[in-house]
Amino acid sequence: MSKVVLPSQPETTILAETFRLLGDSTRLRILFFCLEAPRSVGDIAASLDLSQSLVSHHLRLLRGARLVRGNRQAKQIFYELADKHVSDMLVDMAHHVCEESGDD
């Protein structure tokens, strides 16, 4: 098992803000939708039944938290998860939530 690195006070504040952003179900839906492949705003909006302006708003917040990154291709920007840490965390938490509780 690797050694746990305790974050500094400023890093803890940033981490808390990141978790606050992840507390929004629409943002989580967007992140999970972008897990498999880069997606355009229009594709995200259509697939998740959201307005493009709402998707753009959430993507701006997620980009600011370094959870997604955008890659311009011609006139469109395709969004994907920022790195393996983000994708691993989402997948791990989804598995955790879906596990049967042994506390019964």
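Residues numbered from 1 in each chain as written. Predicted model: local features only at pLDDT ≥ 70, side-chain atom pairs only at ≥ 80, totals over all residues. Heavy atoms only, no water.

- Taking an unreviewed UniProt entry as the reference, the protein is identified by name as ArsR family transcriptional regulator belonging to Phyllobacterium sophorae.

1. Quick look at the pairing of strand E2 (residues 68-73)
Okay, so step 1: Sheet topology places E2 next to strand E3 (residues 76-81); 6 bridges connect them, and they run antiparallel. Along E3, the bridge assignment pairs Asn 71 with Phe 78.
Okay, so step 2: Turn length for the E2-E3 hairpin, with the two strands adjacent in sequence and antiparallel, is 2 residues, and the turn residue Ala 74 shows positive phi of about 60 degrees. (Pairing = 2+ DSSP bridges. Helix = DSSP H or I, 4+ residues; strand = E, 2+ residues; numbered from the N terminus.)

2. Digging into helix H4 (residues 52-64)
Okay, so step 1: The end-to-end C-alpha distance of H4, which contains 13 residues, comes to 18 Å, matching closely the 18 Å that a straight helix rising 1.5 Å per residue would cover.
Okay, so step 2: Buried within H4 are the following residues: Val 55, His 58, Leu 59 and Leu 62. All buried residues of H4 lie within an arc of 105 degrees about the axis, which places them on one face of the element. Away from the buried face of H4 by more than 90 degrees, exposed residues Ser 53 and Gly 64 are located. (Expected span 1.5 Å × (residues − 1). Buried < 20%, exposed > 50% of the residue type's maximum accessible area, 1.4 Å probe, protein only. Arc of directions from axis to C-beta.)

3. What about the pairing of E3?
Okay, so step 1: As judged from the 2 bridges shared by strand E1 (residues 39-40) and E3, these two strands associate in the antiparallel manner. By the bridge assignment, Ser 40 is partnered in E3 with Phe 78.

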